[in-house]
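In case you want the letters, here they are:
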Amino acid sequence: CTCNQPCQFFHKTHASGERCRRSSCIEPCADPRTMSASTSTAALPADQQSGLDTMDKFERFEKWLRDSGAHFQDLELREYDTTGATSATALRDRLDGPSAEEMDSGEEKKEAGGGGSDDGDGAALSTSGSNGGLSSSCSNAQSEESEMRGVHCKTSLAPNTVCVAVPRKCLITVEMGQQTPIGQAILLSDLDLDAPKHIFLMIYLLWDRKVNGHQSFFAPYYDILPQTLSNMPIFWSSEELAGLKGSYLLAQIADRNEAIADDYHSICEVAPELADIATLDEFKWARMCVCSRNFGLQIDGHRTSALVPYADMLNHYRPRETKWTFDDDRQAFTITTLQSILAGAQVYDSYGQKCNHRFLLNYGFAVEDNREVDGFCPNEVPLEICVPPDDPLYDARMAFWTRGEDGMHAGTAGGGVSALAAAVAAASAGRDRGQDPTAMVESALKAAAAARERNHHLSPGGGSIPVQTSSVKRVRVCVSNNENTRTLFSML
């Protein structure tokens, strides 16, 4: 084996990160990233090869993980036949199976790196299977095999049970992408990329699939990744996007497409070989695969992101019933139950408390009733607010609107928006103590005005430094009907 890949197995003759060569290792080379002929499926005995040929791609994927030391013996992947499910309720019942009455019927999925530490509550009614999400077009009309999968218990699980353990060698990390020739070119060029960690994971995924193909250690994982992501809106047709008319999500979709194209072309300038291994459409596919599947981890005290086979098959549900982390002692990514999960029930991950536009944009699904158990709704509305030039009170309103934006540190104080936020926070705190919220708002606004005067800077010549300020501001407002929202809008 002359894999020439970074060694992560701590052979006696060289340290982690150095190039691994079979001839220089006291122990046989066990680097998983490039399989030698002796370990490739093509070189297996005829009876073993025949067994693999009779397996579907998901069975081969699970066998690969088990052979690599992963543990998920109490769990199983289930295929979902979504044809004929004409409503969310019907689909939910079909996905949950016989145990649907014994558990809450909501689903969600992780945000990049956030699910493991999410402490929020709430319920959802959408699913994202192995293809990253659920939409009206999620069934693969061009394939006899459904891409929709979920993870279910084969036996009842007690709280605090480690139900999944994926060894480190099965993880694809940011550092692996950085070690590729394209990754090295990106690091040397110091490009300003939209999502650098995502980019390096994408680069490894695309590079390894192209260069090593079926001989790649990760080939069984690549095989189960969805071939299309038609449920994600950045891939929608103009007719499908028309259904979002009036939504700010259309602008976000356009921004995401533009950012991905800019990253692709920028990388091609410093690493032209990218164009040989991936088209723009393939680059976009990899971006959304990574966006919907990666976990933010700390490994050996170092923050990184990783693709974790099998763990990314868990669908989304709130309140969360599992937690995940990288266990340095076990050198494995683990998923642990937080509560009892009955036999046959689906095992979920929480993708976090998010607005539906983030769920749809990043994961390809929306939650029908996106509320936490306390009734809080995390959906947000982005608003652009401005002072009309013909307003009779234009000068007074602009003075308030741009408060804190003049002087040398223009924009750092957030202007009148920050003053409003401080006022709302003060009103909320005062209400809890039985104080008059109106008086608290007035006090907060006066304090903001006083702070502005204290922070006002003068030029060396004694005059104020004029700074161009904008009369248009964009704010995100949570749509949940609560006292803080009402106070904010009354002030606006």
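In this text the structure is predicted, and so the values were computed from the model without any measurement. (Residues numbered from 1 in each chain as written. Predicted model: local features only at pLDDT ≥ 70, side-chain atom pairs only at ≥ 80, totals over all residues. Heavy atoms only, no water.)

(A) Quick look at the environment of V477. Tracing the sequence through the fold places V477 in strand β12 (residues 472-478). V477 sits 94 residues away from L383 along the chain, and the two C-alpha atoms are 7.3 Å apart. (Helix = DSSP H or I, 4+ residues; strand = E, 2+ residues; numbered from the N terminus.)

(B) Up close: the sheet that holds strand β3 (residues 162-167). Taken together, the three strands give an open sheet; going across it, the order is β3-β9-β8, and neighbouring strands pair in antiparallel fashion. Each of the sheet's edge strands pairs with one partner strand only, and the pair in question is β3 and β8 (322-327). Strand-to-strand twist in this sheet, taken as the mean axis angle between neighbours without regard to direction, amounts to 15°. As judged from the six bridges shared by β8 and strand β9 (residues 332-337), these two strands associate in the antiparallel manner. Bridge assignment links K323 to a residue of β9, and that residue is T336. (Pairing = 2+ DSSP bridges. Axes fitted to C-alpha atoms, helices over the stretch in contact; angles between N-to-C directions.)

(C) Local environment of the pattern of salt bridges. A full pass over the atoms with the stated rule returns nine salt bridges. A salt bridge links E372 to R318; the shortest N-O distance between them is 2.7 Å. Of this pair, E372 sits in the loop between α12 (356-363) and β11 (380-386) while R318 is found in the loop between β7 (315-316) and β8, placing the two residues 54 residues apart along the sequence. Of the residues examined, E372 reaches a relative accessible area of 6% and is grouped as buried. The partner of R397 in a salt bridge is D391, with the nearest N and O atoms 3.2 Å apart. (Salt bridge = Lys/Arg side-chain N within 4 Å of Asp/Glu carboxyl O. Buried < 20%, exposed > 50% of the residue type's maximum accessible area, 1.4 Å probe, protein only.)

(D) Layout of the packing of aromatic side chains. In this structure the tally under the stated criterion is 20 aromatic pairs. With a centroid separation of 6.2 Å and 90° between ring planes, the pair formed by Y204 and F218 is classed as edge-to-face. Pair noted here: Y204 is in helix α6 (residues 196-211) and F218 is in the loop between α6 and α7 (219-224), with a separation of 14 residues, a long-range link. Of the residues examined, Y204 reaches a relative accessible area of 1% and is grouped as buried. (Phe/Tyr/Trp six-rings, centres within 6.5 Å; stacked < 30°, edge-to-face > 60°.)

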